[in-house]
Amino acid sequence: MMKKFAVVLCLGALAGGAWMALKPKQGGSVPLTVFCAAGLKKPVEEIALAYQKETGTEVRLQYGGTGTLLSQIRIAKQGDLFIAADDGALADAKKLGVTREEFQLAKQKPVLAVAKGNPKKIDSLASLKADGIKLALPNPESASIGRVTKKLLGAEWDALAAKAAVMKPTVTEIAADLSLGAVDAAIVWDSTVPQFAGLEAVLLAELAKHEEFATAAVLDACGQPSEAMRFARYLSAPEKGAKVFEKHGFKAVPGDQWALRPDLILYSGGVNRPAIEKVLQKFASREGISVTTTYNGCGILCAAMKTMGDSSNPKFPDVYYACDVCFVPPVAEHFPEAVMLTEAEIVIAVPKGNPQGIRTLADLARPGLRVGLCNAEQSTLGFLTSSILKSMNLWESVSKNASSQVPTGDFLVNQMRTGSLDAAVVYRINIQSAPEHFEAVPLPADKSKAVQPFAVRHDSPNKRMGHRLLAFLRENRASFEEAGFAWKGDTMPVKSAEIVLPDWLKQK
């Protein structure tokens, strides 16, 4: 551990950065190493002190220009969190593969800072070029504000840089020069101005509409991700870090409600279980949370949500992974958009060798055949099955042979294993792990696919965590394909209220 911090300390010294190590409580956990953009020092330092007092975890803060810090991270390949001041630096970090989960903390915009009262009447780029005006600029190679401003101003930046009295590596250094009267104006973040006495902001037309996010990202090299994410959640929590950012003049972006160990509630259709069960365990372990998952037929899950009434019920799910899009519109008010994550094929399952010679859905209507169907009111599979049969005018004849109607396909497969059924309409996923016992008879291609949407509740106190779970599921595509799903998770979200079902699926 000492070698680790010696390397990073050396890098910080070479870059002119500054460390702040907060003394831990007795018996605290392994210290967190946090690389933080200099302009965010005041709120982050205050939040880190409060976090340490509350949890006993030591936070070691390394400050510097965002670009400089990113260079350190690339070289050291160590540390837990990177707090960047702008989106571009974060995008660079992602391209380099040094960051993972992200937690937005605050919005910032570039402004021109001048002395209180603007005694030299500096209110435009043109006035900055006047004789006698001393301008301080942030170095675009090291400071986010410099890089952002250079990109926004284009050729105008080159003209200002040629005239600048000083160019420094962090936004706080040039703001300090202005506060001391060493220069007349400086380009800084709007959040920097209230942190220094005697300054005011001037909005330049060329910069006024542009905003960037200050974001905390877990480093890929992090050896304690659950602790890193706990601190990141604390940094962004509305009743914790967000309050401190607001106090220091930042426009905070409130994150999830604070809890030392949150519980994410997931409702999932039963068909999804083979693909997500182990992935959920990995996610919970990495995040340092618990995930309470209810698997059932989607009709039952939707009914449970309606019974709970509004989403203020603490047991209301934060996220919902349905078996098909048809069971999203009933709860669209709570889950206004969804990502089509996977696709599963519906088949007729028959015993190995297909002793009854079943070839089509019509064959399920033969007298004396024992057929397993899922309940249309309780499950997606049952609803889809009944809709398919109704569209082919087979519902009445086939349902007469339905000796079993249950909530999920797994129940039907178990009944087939015991010899209680001759055939059952299930997902191919339900039987693919037992090819020695079952065969699959395909259904008509235009009606055999169920698409599984994943949705995060719009007012969940764990909304950001729900979106991180979605990102984690996308990272584990192989788990779904190994379970037998077709992957669709790279698509954009769709509005739940705008989901259009095919005509055959609208039948009552």
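In the block above lies the structure referred to throughout.
Student: Account for the pattern of salt bridges, naming residues and giving values.
Tutor: All told, the structure shown has 24 salt bridges when counted by the stated rule. Here Arg273 makes a salt bridge to Glu277, at a shortest N to O gap of 3.1 Å. You can see Arg273 and its partner Glu277 sitting in helix H11 (residues 273–287), four residues apart, about one turn around the helix. According to the relative accessible area criterion, Arg273 is partly exposed, its value standing at 38%. We classify Glu277 as partly exposed; its relative accessible area is 31%. Across the salt bridge formed by Arg370 and Asp422, the nearest N and O atoms sit 3.0 Å from each other.

Student: Tell me about the nonpolar core, and name the residues and values.
Tutor: Among the nonpolar cores identified, the biggest contains 88 residues, and Tyr320, Leu364 and Tyr427 are the most heavily contacted of them. The element contributing the most residues to this core is strand E16 (residues 337–351), with ten residues. Excluding its chain neighbours within four sequence positions, the residues that come into contact with Tyr427 are Val271, Cys323, Ala344, Glu345, Ile346, Val347, Thr380, Leu381, Leu384 and Ala450.

Student: Requested: an account of the sheet that holds strand E8 (residues 166–168), with residues and values cited.
Tutor: Read from one edge to the other, the open sheet built from five strands follows the order E8-E7-E9-E6-E10, with strand pairing classed as mixed. If you trace the sheet from one side to the other, it starts and ends with E8 and strand E10 (199–202), each paired once. Averaged over neighbouring strand pairs, the angle between their axes works out to 35° when direction is ignored. Looking at chain direction, strand E6 (residues 110–115) and strand E9 (residues 185–189) are connected through five bridges and run antiparallel. Note that in E9 the partner of Pro110 across the bridge is Trp189. The sheet strands contacting helix H6 (residues 144–153) are E6, strand E7 (135–138) and E9, and the helix crosses E9 at an angle near 105°. Each of E6, E7, E8, E9 and E10 is contacted by helix H8 (residues 171–179), which is oriented at about 140° to E9, the strand it contacts most.

Student: Kindly report on the packing of helix H9 (residues 225–236) against H11, identifying the contributing residues and their values.
Tutor: Between H9 and H11, the shortest axis-to-axis distance is 6 Å and the interhelical angle comes to 65°. Here H9 is positioned roughly perpendicular relative to H11, judged by the angle of their axes. Residue-level inspection shows Pro225, Ser226, Met229 and Arg233 of H9 in contact with H11, the latter providing Ser285, Arg286 and Glu287. Within the contact of H9 with H11, the residues separate by chemical class into two nonpolar, two polar and three charged.

Basis of the calculations
- Residues numbered from 1 in each chain as written.
- Predicted model: local features only at pLDDT ≥ 70, side-chain atom pairs only at ≥ 80, totals over all residues.
- Heavy atoms only, no water.
- Salt bridge = Lys/Arg side-chain N within 4 Å of Asp/Glu carboxyl O.
- Helix = DSSP H or I, 4+ residues; strand = E, 2+ residues; numbered from the N terminus.
- Buried < 20%, exposed > 50% of the residue type's maximum accessible area, 1.4 Å probe, protein only.
- Core = buried A, V, L, I, M, F, W, Y, C linked by side-chain atoms within 4.5 Å.
- Contact = heavy atoms within 4.5 Å.
- Pairing = 2+ DSSP bridges.
- Axes fitted to C-alpha atoms, helices over the stretch in contact; angles between N-to-C directions.
- Parallel < 35°, antiparallel > 145°, perpendicular 65-115°, else oblique.
- Nonpolar A, V, L, I, M, F, W, Y, C, P; charged D, E, K, R; others polar.

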